[in-house]
Amino acid sequence: MTTTRRNLLKFVGGGAAGALLTPAPWRLITDSALWSENWPGIPRPAHGGITARFTHCTLCPAGCAVRARCVAGQPVSLTGVKPHAVSHGALCPWGIAGHHLPYHPARVRQGPVKEATAAVAQAIAQRGTGEHVAVLDLRPGRTVSWTHRRAMAAINGGLYLTPRQPGYSIDLAAAKTVISFGAPLFDGWGTPGNVIAARSIFRLIQIEPVETRTAAMADLWLPIQPGSEFMLAAALAGNMTLAEAALITGVGEQALAAVQEAAESGQAVVLAADPASPLMSLNEKYGALGRTVVARSDAPMPEAWKQAAPEMSMAAAPDGAIRVLLIDESLPGGYIPWRRIAPKLAPDAVVVVFTSSNDGYARHAQFVLPAAVYPETAEDIGPAIDTVAAVFRIAAPLIAPVVPAVDPARFVERLAGLPASEPLRERAGAIHKAGRGTLLDYTAAKSTPVKDVTADNFWKTLSQGGCWMDDSAKRTAPENLVFPAAGEPPRDERPLTVVVAEPRRGGLESPLMSKLERESNLRLAANRVALSPDGARASGIENGDRAVLETAFGRLNVVVAIDPSVPAGVVEVAGGPRMADLCGGNGRARVVRA
Amino acid sequence: MTGGKIAFASGMLLALAGGWLAFPRVLYRTHPQPVDFSHKIHAEKAGAKCEDCHAFRDDGTYAGIPTLDKCSGCHAAAMGTTAEEKNFIDRYVTPNREPQWLSYARQPENVYFSHIAHVKLGKVKCEQCHGNEGGAATLRPFAQDPISGYSRDIWGRPVNRIALRTEGGMKMDDCVDCHRRQGLEYSCLGCHK
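Since this is a predicted model, take the numbers as computed values, not measurements. (Residues numbered from 1 in each chain as written. Chains lettered and ligands numbered in written order. Predicted model: local features only at pLDDT ≥ 70, side-chain atom pairs only at ≥ 80, totals over all residues. Heavy atoms only, no water.)

Report on the interface of chain B and chain A, specifying residues and quantitative values.
Each side of the interface is counted separately: chain B has 31 residues, and chain A has 29 residues. Counting each side, the surface lost to burial between chain B and chain A is near 2500 Å², with a carbon and sulfur contribution of 67%. For chain B, the biggest contributors to the area lost against chain A are B:Phe23, B:Glu109 and B:Ile147; these three give 22% of the whole. Viewed at the interface, chain A and chain B are joined by one salt bridge. Between A:Arg27 and B:Asp145 there is a salt bridge, with its nearest N and O atoms 3.2 Å apart. (Contact = heavy atoms within 4.5 Å. Buried area = accessible area lost by both parts, 1.4 Å probe. Salt bridge = Lys/Arg side-chain N within 4 Å of Asp/Glu carboxyl O.)

Kindly report on the domain arrangement of chain A, identifying the contributing residues and their values.
Here the domain parsing of chain A yields domain 1 (50-103), domain 2 (113-160 + 308-371 + 406-434), domain 3 (168-295) and domain 4 (496-593). Each of domain 1 of chain A and domain 2 of chain A has a C-alpha centre, and the two are 29 Å apart. (Domains from an automatic or database assignment.)

How would you explain the packing of aromatic side chains if you had to name every residue and give the values?
Under the criterion given, the structure shown has 10 aromatic pairs over all chains. Centroid distance A:Trp35 to A:Trp39: 5.6 Å. Interplanar angle 90 degrees. Geometry classified as edge-to-face. Using a relative accessible area of 42% as the deciding quantity, one classes A:Trp39 as partly exposed. Residues B:Tyr104 and B:Phe142 carry aromatic rings whose centres are separated by 6.3 Å and whose planes lie at 35 degrees to one another, so their mutual orientation is tilted. Pair noted here: B:Tyr104 is in the loop between α5 (83-93) and α6 (115-121) and B:Phe142 is in strand β2 (residues 142-144), with a separation of 38 residues, a long-range link. Of the residues examined, B:Tyr104 reaches a relative accessible area of 11% and is grouped as buried. By way of ring pairs, the aromatic residues A:Tyr335, A:Trp338 and A:Tyr361 are connected into one cluster. (Phe/Tyr/Trp six-rings, centres within 6.5 Å; stacked < 30°, edge-to-face > 60°. Buried < 20%, exposed > 50% of the residue type's maximum accessible area, 1.4 Å probe, protein only. Helix = DSSP H or I, 4+ residues; strand = E, 2+ residues; numbered from the N terminus.)

Give me the lowdown on the packing of helix α9 (residues 229-236) of chain A against helix α11 (residues 253-264) of chain A, citing residues and values where you can.
Residue and element names in this part refer to chain A. Following both chains from N to C, one finds α9 and α11 inclined at 55 degrees, their axes separated by 10 Å at the closest point. One element, α9, and the other, α11, form an angle in the oblique class. Seen along the crossing, α9 lies across α11 with a hand that is right-handed. Note on element contacts: α11 touches α9 through Leu256, Val259, Gln260 and Glu264, opposite Leu232, Ala235 and Leu236. For the contact of α9 with α11, a count of residues per class yields five nonpolar, one polar and one charged. (Axes fitted to C-alpha atoms, helices over the stretch in contact; angles between N-to-C directions. Parallel < 35°, antiparallel > 145°, perpendicular 65-115°, else oblique. Left-handed = near helix turned anticlockwise from the far one by under 90°. Nonpolar A, V, L, I, M, F, W, Y, C, P; charged D, E, K, R; others polar.)

Tell me about the nonpolar core, and name the residues and values.
One broad rule of soluble globular proteins: the nonpolar side chains tend to lie buried together. Judged by nonpolar contacts, the single largest core of 45 residues is most densely connected at A:Ile170, A:Val178, A:Phe181, A:Leu185 and A:Trp189. Ranked by residue count, the leading element in this core is α9(A), at five residues. (Core = buried A, V, L, I, M, F, W, Y, C linked by side-chain atoms within 4.5 Å.)

Account for the environment of B:Asp36, naming residues and giving values.
Residue and element names in this part refer to chain B. Within the secondary structure layout, Asp36 lies in the loop between β1 (29-31) and α2 (39-44). Judged by relative accessible area, Asp36 falls into the partly exposed class, the value being 35%. When the C-alpha atoms of Asp36 and Arg152 are compared, they prove to be 19 Å apart, with 116 residues separating the residues in sequence. Leave out the neighbours within four places in its chain, and Asp36 touches Glu84, Thr138 and Leu139. A distance of 3.2 Å separates a polar side-chain atom of Asp36 from the backbone nitrogen of Leu139. (Polar contact = N/O pair within 3.5 Å; in protein donor to acceptor, adjacent residues only side chain to side chain.)

Please set out the pattern of salt bridges residue by residue, giving values where relevant.
Residue and element names in this part refer to chain A. Across all of its chains, the model carries 30 salt bridges over all chains by this definition. For Glu311, the salt bridge identified is with Arg149, shortest N-O distance 3.7 Å. With Glu311 in strand β12 (residues 311-313) and Arg149 in helix α5 (residues 143-154), the pair connects residues that are 162 residues apart, well separated along the chain. Look at Glu311 and you get partly exposed, because its relative accessible area is 39%. Asp380 is the partner of Arg427 in a salt bridge, and the nearest nitrogen-oxygen pair spans 3.8 Å.

Tell me about the side chain of A:Asp187, and please be specific about residues and values.
Residue and element names in this part refer to chain A. Along the chain, Asp187 falls in helix α6 (residues 185-189). Note on Asp187: relative accessible area 10%, which makes it buried. Here the side chain of Asp187 touches Arg213 through a polar contact of 3.3 Å, side chain to side chain. Aside from chain neighbours lying at most four places away, what touches Asp187 is Arg213, Thr214, Pro503 and Arg523.

Account for the sheet that holds strand β20 (residues 467-469) of chain A, with residues named and values stated.
Residues and elements named next belong to chain A. Spatial strand order, β16-β17-β20-β18-β19: five strands in an open sheet with antiparallel pairing. Here the strands that pair on one side only, and so sit at the sheet edges, are β16 (379-380) and β19 (446-449). Examined bridge by bridge, β16 and strand β17 (residues 391-395) share two bridges and lie antiparallel to one another. Opposite Glu379, over in β17, you have Ala395 as the bridge partner. Along the sheet, helix α15 (residues 423-434) makes contact with β16, β17 and β20, crossing β17 at roughly 150 degrees. In this fold helix α16 (residues 455-463) packs onto β17, β18 (438-441) and β20, with an angle of close to 50 degrees to the strand it touches most, β18. (Pairing = 2+ DSSP bridges.)

Provide a residue-level description of the sheet that holds β12(A), including the pertinent values.
Residues and elements named next belong to chain A. Read from one edge of the open sheet, six strands run β12-β5-β4-β13-β14-β15, paired in parallel fashion. Looking along the sheet, the strands with just one partner apiece sit at the ends: β12 and β15 (367-370). Each adjacent strand pair in this sheet contributes to an overall mean axis angle of 30 degrees, direction not counted. In the sheet, strand β4 (residues 132-137) pairs with strand β13 (residues 322-329) via six bridges, with the strands oriented parallel. In the sheet register, Val135 faces β13, and the bridge partner there is Leu326.

Laid out in structure tokens, this is it:
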């Protein structure tokens, strides 16, 4: 046989045909598929002992108790703690996926710490007479907040600024009727488990222009003309006839009469989307103060801490006088639109933000420093709006910080020259010294009166994710509860009223929430707005079109969803920092096709 | 013409021989275990049962290969005179260093398997899946598919396909066969979460 090209090709062809009759190519195909599943960079779950650890969620002020299932010390799933007097074993979707956040790809991972420290020190040294150093604390009420306040008291001209905080708590279990003016009762208002546990007790009347999730779950939803809530309140207060109110609000007279009857039948409480809204003053009429709306209780604290800077609202800060502004955005919390902050800053102000996300104030600050996220750091959680008894619960860290995070409290403490301290432990000591209340030990699944626990064991249990709960049941009406009168909104000719119907916090969200918001559209994402079919048609916009949302404060590229449940003349937007910057204030907008 | 047929047949025969005889031999890479542990000695001399070392935790999860502290309980000092035991104590027990055992049975991350459901509820014997590992005087080398990274014991049909099927094993087909024989559910989501 001679070696010709033809024979060589036949040899190769025979080889190929033979190979197909062997397991080799088929096995290589499946193995290659498996190989592609194991490429470098694909996260690998740890292997090891399975343990349960406990902590509290810091993603909102509810502070739900959390049981973490850990493999080789790494949390792999989070659930609620049952039974629990406050959170009732429930966790919201954010809480369930909280252990993903440290690994979020959009997390702030590094920042110019040295440069920020030097710039702040220089600005403090060079500030002129009447110029201030301020901390803006977006989650007041924490132990860290007291560190900020003490530090600001130690600095000449230090200010401690916070968003508006309710000075009261709501005891939902004591209410038979809840009249809610847009309060997102089932969508992040209070402690999810607590609200659901009390749901069978009260009748919910939800008053808001669009059918939110809370409206859908209410016993009665009154779709009101946006902006006419105060007229309805005036009718309920007897300052206007129901017929007049019906004309203005678009709510039927019979429905208004039903609300009035339910409200006056006893044990009614009024809630508003803004806890400091003048609408809350209706509670006085219904006798809810001291019964359902009670004075907020805080856990005891060391006497020395009371030498602290007072809380101040941004509006009360002097204009153009803040030379250094340190914004503690380390936990998701309130948000003050930037246009309310900017006038307060001195011309050459230094703004430093401690955050994990580029979504909020990082857009406006000169220095963005990475903060630890839940569940990386030990932190306590301030009281939730629906927690009547004082509580002190610590979010025990479940993992070491994934990035080199800056502790805002330590930064501010050093700036003020305060000695390094362990404020959580000091506060636990003060609570133990007070000798009242109960210690909940989730690991041992037992409650023990504080007087039966040693100080060391008290701290040890708390630092492992335990909870102290006050048992004093005295209820008092909140003091100095002043609700400012509603001001006239500035005139704006834009045709649409902005309704924020999707309470959305800033900050990082787990992939679970991204799935819900960005892919399923079950929730409005930050860049989506909803229009009525008529409103969309008038603007020549179709479902899914790109458009520009215009307000007096700027423009934002958005995607429009057409939703028949949105009333004409309304544009429904998601909450969050960008929308707050754009739409807060007069609440008028125009949507223009891009 | 005949030459062409011979060339074709030669190529085919070569590929068949390579695919059926050589490929199975080169498919797996073998690695020795860190210690030549003898299950047999421990079972016979120490009277140990499988679950004495491969225990369930209090919460029902399976601990798998015991950690060093379990071994150190008996082998803090040499109990016998074998070189392997001396080597084990010198290299691992004294410096308190965990041996990096190569698990024949480690399933991929996409597989959920509950030992307690099979052993306690299903009364499945250890040998049924793991073979007579407990009676072996030595640890066989760990054979790994270098492409997929999987152990030979858990993935892929026998590539020569002439092995008689045995009742047992830890491959997906083994699981499905056993469930089918027992009349049990065997949907994908039963194991692949």
